[in-house]
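# Examination of the molecular architecture
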Amino acid sequence: MGNFVFFPRLHDIRPRAPMVARSAQAGQFVRVLPWEKGELIPLTLADWDAENGTIDLVVQGMGTSSLEINRMAIGDAFSGIAGPLGRASELHRYEGNQTVVFCAGGVGLPPVYPIMRKHLRLGNHVTLISGFRAKEFLFWTGDDERIGKLKQEFGDQLSLIYTTNDGSYGVKGFVTGPLEEMIKANQQGIGRSIAEVIAIGPPLMMRAVSDLTKPYGVKTVASLNSIMVDATGMCGACMVPVTIDGKLVRKHACIDGPEIDAHIIDWDKFLPRFNAFKAQELESKRKHGFA
């Protein structure tokens with residue numbers, strides 16, 4: 001396994017997983033067991049190479065497991081990798097003056113990358129709105145990096161918009177700013193028509209995108225990074241409350257997702273689930289010397 005540090009606490013690792021690499025599709029993820037008695041954690045596939053039998057995972061060090069993973073060096077091995085899991089992204093060919101808009105928040109950019117690449121290869125125009133906290137947190141954006149290379153390959157078929165919270169690079173603010181401008185322009189018959197929006201990133205960001213697009217009826221999909229255990233639909237840890245035909249029902253992010261119609265998610269009920277184990281996470285970090 002090889003790894004490369006983009007900035008503190010974020011690593012791009014490339015483990016060998018031939019069976020996963022041969023079957024992977026855009027939008028899917030894997031479940032990783034870092035060590036024999038560790039915890040199972042879901043990680044989105046950022047890329048894969050079927051010929052070489054490798055997959056790419058971008059890991060942000062947040063809890064004990066991810067921080068431990070980012071300590072790994074070339075030659076170290078996971079105890080297990082299961083996948084590919086979840087449903088592949090649903091892709092459609094959009095004719096005419098339309099664009100598929102991706103809203104990527106921070107470490108949401110890696111899972112966006114293979115889906116965006118697939119849309120481009122289908123012939124769709126793509127607009128990437130990628131948000132970061134500040135200029136020093138940018139990654140994959142250079143001319144010789146992944147997004148830069150996609151731009152060189154597809155040219156005007158790919159439009160790039162970067163935002164930073166502090167305005168140190170690109171547009172000041174959040175991804176919702178440029179998206180709102182695009183929607184309002186569409187209302188006036190200006191610019192490319194938004195075919196659909198795919199939001200991947202922090203839960204609050206995905207909700208903000210959903211809240212923005214819903215009144216306008218713009219199709220919006222959120223790729224959910226719920227807490228998971230078995231990732232096969234059995235444990236129920238990743239339940240997502242959704243409203244269908246006026247009734248509150250539940251989907252599993254692992255087998256019904258990770259991409260789910262953002263406008264049917266009950267965000268008020270869903271968001272608190274992310275804080276359910278904060279106390280245990282902090283205790284684990286203390287126990288392992290990370291806090």
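These lines cover the structure that appears in this document, whether it is placed above or below. (Residues numbered from 1 in each chain as written. Predicted model: local features only at pLDDT ≥ 70, side-chain atom pairs only at ≥ 80, totals over all residues. Heavy atoms only, no water.)

### Some remarks on the overall build of the protein chain
A count of helical and extended segments in the protein chain gives 8 helices and 16 strands. Each of the three principal axes of the protein chain carries a C-alpha extent, and together these read 55 × 50 × 40 Å. A buried classification covers 48% of the 291 residues belonging to the protein chain. Taking all contacts inside the protein chain whose residues are at least 6 apart in sequence as the whole, residues at least 24 apart take part in 68%. Just so you have it, the protein chain exposes about 14,100 Å², and 50% of that area is on carbon and sulfur atoms. Of note, the protein chain has its 32 positive side-chain charges centred 3 Å away from the centre of its 31 negative side-chain charges. (Helix = DSSP H or I, 4+ residues; strand = E, 2+ residues; numbered from the N terminus. Buried < 20%, exposed > 50% of the residue type's maximum accessible area, 1.4 Å probe, protein only. Contact = heavy atoms within 4.5 Å. Areas by Shrake-Rupley, 256 points an atom, 1.4 Å probe, with all protein chains shown as cover. Lys, Arg positive; Asp, Glu negative; His and termini not counted. Charge placed at Lys NZ, Arg CZ, Asp CG, Glu CD.)

### Focus: unusual backbone geometry
With an omega of 0 degrees, the peptide bond between Gly 83 and Pro 84 qualifies as cis. On the secondary structure map, Pro 84 appears in strand S7 (residues 80-85). Geometrically, the link from Gly 257 to Pro 258 is a cis peptide bond, its omega value of 15 degrees lying close to zero. For Pro 258, the position within the fold is in the loop between strand S15 (247-252) and strand S16 (259-261). One non-glycine residue, Trp 140, lies in positive phi territory at about 65 degrees. Mapped onto the elements, Trp 140 comes out in the loop between strand S9 (126-132) and helix H4 (146-154). Residues other than glycine seldom take positive phi values, yet Asp 245 does so here, at roughly 55 degrees.

### Concerning the sheet that holds S7
Strand order in the open sheet formed by 3 strands is S4-S3-S7, and the pairing between neighbours is antiparallel. A single partner strand is all that each edge strand has here, and the edge strands are strand S4 (41-44) and S7. On average, adjacent strands in this sheet sit at an angle of 25 degrees to one another, irrespective of strand direction. (Pairing = 2+ DSSP bridges. Axes fitted to C-alpha atoms, helices over the stretch in contact; angles between N-to-C directions.)

### Topic: the packing of helix H3 (residues 109-122) against H4
Across the interface, H3 lies against H4 with an axial gap of 11 Å and an inter-helix angle of 10 degrees. Accordingly, the angle class assigned to the pair H3 and H4 is roughly parallel. Touching Leu 109, Tyr 113, Met 116, Arg 117, Leu 120 and Arg 121 of H3 are Arg 146, Ile 147, Leu 150 and Phe 154, all from H4. Of the residues in the contact of H3 with H4, the class split is 7 nonpolar, no polar and 3 charged. (Parallel < 35°, antiparallel > 145°, perpendicular 65-115°, else oblique. Nonpolar A, V, L, I, M, F, W, Y, C, P; charged D, E, K, R; others polar.)

### Overview of the nonpolar core
Of all hydrophobic cores here, the largest spans 33 residues; its most connected members are Cys 103, Leu 179, Leu 224, Ile 265 and Trp 267. Those elements that place two or more of their residues in this core are strand S8 (98-105), helix H5 (176-187), strand S12 (193-200), helix H6 (203-213), strand S14 (239-244) and helix H7 (267-270). For this core, the leading source of residues is H6, giving 4 residues. With residues near it in sequence (within four places) discarded, Leu 179 still touches Val 101, Cys 103, Ile 129, Ile 194, Val 197, Val 209, Leu 212 and Thr 213. Judged by nonpolar contacts, the second largest core, of 28 residues, contains Ala 104, Val 126, Leu 150 and Ile 200. (Core = buried A, V, L, I, M, F, W, Y, C linked by side-chain atoms within 4.5 Å.)

### Focus on the packing of aromatic side chains
Within this structure, the stated rule accounts for 5 aromatic pairs. Measuring from ring centre to ring centre gives 5.8 Å for Phe 132 and Phe 139, while their planes differ by 80 degrees; the resulting arrangement is edge-to-face. Note on Phe 132: relative accessible area 3%, which makes it buried. A centroid spacing of 6.0 Å and a plane angle of 75 degrees characterise the contact between Phe 139 and Trp 140, whose relative ring orientation is edge-to-face. Residue Trp 140 is classed as buried on the basis of its relative accessible area of 2%. Counting every residue linked through ring pairs, the aromatic cluster contains Tyr 113, Phe 132, Phe 139 and Trp 140. (Phe/Tyr/Trp six-rings, centres within 6.5 Å; stacked < 30°, edge-to-face > 60°.)

### Focus on the environment of Lys 219
Here Lys 219 shows up in the loop between H6 and strand S13 (220-223). C-alpha of Lys 219 to C-alpha of Asp 230: the two residues are 11 residues apart in sequence and 30 Å apart in space.

### Considering the pairing of strand S6 (residues 54-60)
Most of S6 is tucked away: 6 of the 7 residues are buried. Two elements, strand S2 (residues 10-14) and S6, share 4 bridges in a ladder whose sense is antiparallel. Within S6, the position partnered with Asp 12 by the bridge is Val 58. Sheet analysis places strand S5 (residues 47-49) next to S6, joined by 3 bridges and oriented antiparallel. Within S6, the residue paired with Asp 47 across the bridge is Asp 56. The turn joining S5 and S6, which pair antiparallel and follow one another in sequence, is formed by 4 residues; a positive phi near 70 degrees is taken by Gly 53.

Function cannot be inferred from these measures alone, as they are strictly geometric.
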